[in-house]
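Spelled out from the first residue to the last, the chains are:
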Amino acid sequence: MEFTTALCADCNSIFDLLGTGLGGKVLNLHIERPSEVVSSVPQALSPDGPWIWWTSNGVTQIHFPHRSTQNLSSTANSCRLCKVFNSAVLRFNEESPQEPALSIQPFLHLQINPRGGVKLTHLEFHIFLDETPSLDFGTLEVIDLLPVQDATDLASHTELTSPSVDWAWLNNCMTTCLNCHAKCHQDHDENFLPTRLIHIGKTSESPIKIVDTTNASRAEKSKTQYIALSHKWGKSEFLNLRSSNIHQLSQEIRVNELPQTFKDAILASRILNVQYIWIDSLCIIQDSDTDWQTEASKMNKVYQNSLCNIAASESDGPGYGLFRQKDPSLWTPFSVKFRTDFIEDDYLCFHNQWHTVRDKSPLSKRGWVAQERLLSPRTIHFASPVFWECRELLACQVYPSGDLLHNEQDLSKLWPSLGSLIHLQDALDMWENLVESYTECSLSKPWDKLIAFSGIARLMQFILKDDYVAGLWKEHLVRGLLWHIKKAPGGVTKPYKHVIKYRAPSWSWASIDGRVDLFLSRFIENPLIIGLHSETTPLTEDIFGQLSGGFIEARGKLFAAGDLDELWDELYNSNSIDSRFLGLDNDVDCGETFFLPIAKLSNVPGYGDSLFYCLLLTHAGEHRAVHLYRRIGFALLSEDGDIAESEFLCPGWSKPPWPQGGMETLKLI
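Residues numbered from 1 in each chain as written. Predicted model: local features only at pLDDT ≥ 70, side-chain atom pairs only at ≥ 80, totals over all residues. Heavy atoms only, no water.

1. A closer look at the overall build of the protein chain
Phase 1: Counting its secondary structure elements, the protein chain contains 17 helices and 30 strands.
Phase 2: In the protein chain, which comprises 669 residues, the proportion classed as buried is 55%.
Phase 3: In the protein chain, the proportion of contacts linking residues at least 24 apart, taken out of those at least 6 apart, comes to 70%.
Phase 4: When the accessible area of the protein chain is evaluated, it comes to approximately 28800 Å², of which 48% is carbon and sulfur surface. (Helix = DSSP H or I, 4+ residues; strand = E, 2+ residues; numbered from the N terminus. Buried < 20%, exposed > 50% of the residue type's maximum accessible area, 1.4 Å probe, protein only. Contact = heavy atoms within 4.5 Å. Areas by Shrake-Rupley, 256 points an atom, 1.4 Å probe, with all protein chains shown as cover.)

2. Some points on the sheet that holds strand β9 (residues 209-212)
Phase 1: Strand order across the open sheet formed by eight strands is β9-β8-β11-β10-β12-β15-β16-β17, with mixed pairing between neighbours. The open sheet has two free edges, formed respectively by β9 and β17 (394-396), since each of these has just one partner strand. Each strand axis lies, on average, 30° off the axis of its neighbour in the sheet, ignoring direction.
Phase 2: Sheet strands in contact with helix α5 (residues 167-180) are β12 (308-311), β15 (378-381), β16 (387-390) and β17, and its direction is about 10° off that of β16.
Phase 3: Lying on the sheet, helix α8 (residues 260-271) is in contact with β10 (227-230), β11 (276-278) and β12; it crosses β10 at an angle near 150°. (Pairing = 2+ DSSP bridges. Axes fitted to C-alpha atoms, helices over the stretch in contact; angles between N-to-C directions.)

3. Remarks on the environment of N603
Phase 1: By the element assignment, N603 lies in strand β27 (residues 592-604).
Phase 2: N603 sits 80 residues away from F523 along the chain, and the two C-alpha atoms are 6.8 Å apart.
Phase 3: In this structure N603 touches F523, G608 and D609, once residues within four positions along its chain are discounted.

4. A look at the pattern of salt bridges
Note that side chains of opposite charge can pair when their charged atoms are close.
Phase 1: Summed over the entire model, instances satisfying the criterion amount to 25 salt bridges.
Phase 2: One salt bridge in this structure joins D429 and R479, with 2.6 Å as the shortest N-O distance. Taken together, the positions of D429 in helix α14 (residues 424-438) and R479 in helix α16 (residues 477-481) put the pair 50 residues apart, joining distant regions of the chain.
Phase 3: The class for R479 is buried, based on a relative accessible area of 10%.
Phase 4: E639 serves as the salt-bridge partner of K600, at 3.6 Å between the closest nitrogen and oxygen. Taken as a pair, K600 in strand β27 and E639 in the loop between β29 (626-637) and β30 (664-668) lie far apart in primary sequence, 39 residues in all.
Phase 5: Residue classification places E639 among the partly exposed residues on the basis of a relative accessible area of 26%.
Phase 6: Overlapping salt bridges bring together D429, E432, R479 and R522 as one network. (Salt bridge = Lys/Arg side-chain N within 4 Å of Asp/Glu carboxyl O.)

5. Re helix α4 (residues 80-95)
The α-helix winds at 3.6 residues per turn, so residues separated by three or four positions along the chain end up facing the same way.
Phase 1: Relative to the 22 Å expected for 16 residues at 1.5 Å per residue, α4 spans 23 Å between its end C-alpha atoms, a close match to the ideal helical length.
Phase 2: Buried residues of α4: R80, L81, C82, V84, F85, N86, A88, V89, R91 and F92, and no others. (Expected span 1.5 Å × (residues − 1).)

6. Observations concerning unusual backbone geometry
Phase 1: Residue P385 is reached from S384 by a cis peptide bond, and omega for that bond is -5°.
Phase 2: As for its position among the elements, P385 is in the loop between β15 and β16.
Phase 3: A cis amide bond links P656 to the next residue, P657, at an omega of 5°.
Phase 4: Within the secondary structure, P657 sits in the loop between β29 and β30.
Phase 5: Here A470, not a glycine, exhibits a phi torsion of approximately 55°, which is positive.

7. Details of the packing of aromatic side chains
Phase 1: Here the structure, examined in full by the defined rule, presents 26 aromatic pairs.
Phase 2: Relative to F544, the ring of Y468 has its centre 5.1 Å away and its plane inclined at 25°; by these criteria the two rings are stacked. Taken together, the residues Y468 in strand β18 (residues 468-469) and F544 in the loop between β23 (530-538) and β24 (547-556) connect sequence positions 76 residues apart.
Phase 3: Residue classification places F544 among the buried residues on the basis of a relative accessible area of 6%.
Phase 4: An aromatic cluster of three or more residues is present, and its members are W431, Y438, F453, Y468, W473, W509 and F544. (Phe/Tyr/Trp six-rings, centres within 6.5 Å; stacked < 30°, edge-to-face > 60°.)

8. Quick word on the environment of F519
Phase 1: When you line up the elements, F519 lands in the loop between β21 (516-517) and β22 (524-527).
Phase 2: Under the relative-accessibility criterion, F519 is labelled partly exposed at 30%.
Phase 3: The spatial distance from the C-alpha of F519 to the C-alpha of D429 is 9.3 Å, given a sequence separation of 90 residues.
Phase 4: Once residues within four sequence positions are removed from consideration, F519 is found in contact with E436, V604, P605 and Y607.

9. What to know about the nonpolar core
Phase 1: Ranked by internal contacts, the top residues of the largest apolar core, which has 140 residues, are I198, W278, W388, W431, I456, W509 and F595.
Phase 2: In contact with W388, other than residues within four places in its own chain, are W169, L170, C173, M174, C177, R378, T379, I380, L393, L394 and A395.
Phase 3: Among the nonpolar cores identified, the runner-up in size contains 33 residues, and L72, V84, V336 and Y347 belong to it. (Core = buried A, V, L, I, M, F, W, Y, C linked by side-chain atoms within 4.5 Å.)

10. Observations regarding the side chain of E432
Phase 1: Mapping E432 onto the fold places it in helix α14.
Phase 2: Apart from the residues within four sequence positions on either side, E432 is in contact with R479, L518, S521 and R522.

11. Quick word on the side chain of S521
Phase 1: Relative to the elements of secondary structure, S521 occurs in the loop between β21 and β22.
Phase 2: Side-chain polar atoms of S521 contact the side chain of E432, separated by 2.9 Å.
Phase 3: Within the local environment of S521, its side chain forms a polar contact with the backbone oxygen of L518, the two atoms lying 2.7 Å apart.
Phase 4: With residues up to four places along the chain from it excluded, the contact list for S521 reads E432, R479 and L482. (Polar contact = N/O pair within 3.5 Å; in protein donor to acceptor, adjacent residues only side chain to side chain.)

12. Observations regarding the environment of R67
Phase 1: By the element assignment, R67 lies in strand β4 (residues 67-68).
Phase 2: Counting along the chain gives 36 residues from R67 to S103, while the straight-line C-alpha distance between them is 5.3 Å.

13. Some details on the pairing of β16
Phase 1: Neither face of β16 is open: one carries F387 and E389, the other W388 and C390, and all of them are buried.
Phase 2: What sits between the antiparallel neighbours β15 and β16 is a turn of five residues.
Phase 3: Counted between consecutive antiparallel strands, the loop separating β16 from β17 contains three residues.

14. Thoughts on helix α15 (residues 454-464)
Phase 1: Counting buried positions over the eleven residues of α15 gives nine, a clear majority of the element.
Phase 2: Every buried residue belonging to α15 is among S454, G455, I456, A457, R458, L459, M460, I463 and L464, and all of these are buried.
Phase 3: Of the residues one or two after α15, K465 is the one with positive phi, at around 55°.

15. Structural notes on the packing of α14 against α15
Phase 1: Relative to each other, α14 and α15 sit at 170°, their axes nearing to 10 Å. The angle between the axes of α14 and α15 places the two elements in the roughly antiparallel class. As for how α14 packs across α15, the hand of that crossing is left-handed. Two secondary-structure elements touch here, α14 through L424, A427, L428, M430, W431 and L434 and α15 through I456, A457, M460, I463 and L464.
Phase 2: Taken together, the residues that form the contact of α14 with α15 break down as eleven nonpolar, no polar and no charged. (Parallel < 35°, antiparallel > 145°, perpendicular 65-115°, else oblique. Left-handed = near helix turned anticlockwise from the far one by under 90°. Nonpolar A, V, L, I, M, F, W, Y, C, P; charged D, E, K, R; others polar.)

See the structure below:
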């Protein structure tokens, strides 16, 4: 255990607050006004900061001055905290090479007891594109450092070095979960097995082969446990199941023909006392569209009924293996001394890598993985460090009790009975959060956009009790239409490239490649289109999978937008707009365009009191005397018809209500 940690002067000043008067100021405020929220008025502890931001319930934030990223690489060699900062900045710059990070800002979080006492809860830091942004400038990334006062839970886990895995701890997690976690047993179907499994046996001497479970008896199904592997396919060739080798692989799979990740997953499964494993590339016939469509429609059941999901979180492909842990000094605990005018306490800090593993690891960027992680009752994330995630516990091998990681936002597993535990509004919010996260991922085959998310959609249909239409819900169509391309860091988002192969109607978020934002959907005051009717045409019998067509028919008020190319160029080139207020979905030629207001929004934080969300449409023909339109983007208009808070006005604009005679029936395709 490392009990004395050398920090640089800047990092040491985060914890050494002698002479600032911090303790008295914080305690006096919470004693005199314990329930008042005063976070909008920071108080400087010195002329150049840091600043105290007080909030209610005894929680206080201390914001420290911004630090340039230029010196982090040199100080990282001698300062543990700078090493963590620098690692995050390097990762950010890899993802955004055109706009590298220029500064960071640390935030220290404290819990105040009005009866006396200050306890650190965590340290976070934000990464900025500017060197001296204002305090309310939007942050781009948050990484937690969680101070821990009680070192007993950490003591036996701090000497781990790559690529060590604490198998005893993992087996204990599994045993505890199986014996004690009621939620982790809910909705398990004992009569389900995937069509094919890989039999791996108990030891390295056991033969490995594909087995067909179609004719398995109910007794055999109920006692057969299997592990499902999540891995990134990568670009290299590796062994997979095909029509030409299915007979051979059903007799024997030679271990030396398997990529390293598969070998490691088999080893892990045996250590966990499981004799079967499901691997997509070896359990679905890769050159059979029929088999692929059939098995893809069962994906929710495959993961939901697995014993556990093994995630090769830090591997870029099957050849990289499970055990690719990074520099242990980035996540093993280190000590700091917190000092104020009247407090001196020692804390152990460890870099909480959970959000990095969940959102930033190579595997997390693969579109199919979203449902693989969420639907399985348990997941072991082989990362740095190793994480255990089930429906009731999130823990890592460095901090095995998981207390500091245990909160509702982090425990994000999905299962049918969850619907009885949450309200409809919460379920819709959860769906939209899932869509936003999913659209940040990539797919090697973009036309898999809907089917790669179909397992989650099936489960959410059970929870919402609603009809699914191309990524939206029939009873909440207007809400589902309020998506737009997510704002890129530091500026306006240009439209994505036009999708050539059809996969969804233009009004669905699944019709584009790229990140979408559904934030505005939660601020609808009232819808502005009526008489909605929607239909989709599935490519197969699976309504959750690939589509060949779809439409929404409605009555609404259209406003001619004129030549949008000219408007867009002027707004974009003058930098008088950001993509929260106007955006194009792709780079197709617009031609004649229209605004279709579909909802009035109110009380949107950072946007204004009253706005009208409009679809940008282009004419797409006529069918049975009804005009057809395609979505090409969106715009927010003010009550006066200002387009995207600019000086441009919508031609002929009038705000609702509109007379029925001024509205028309139209069909969005």
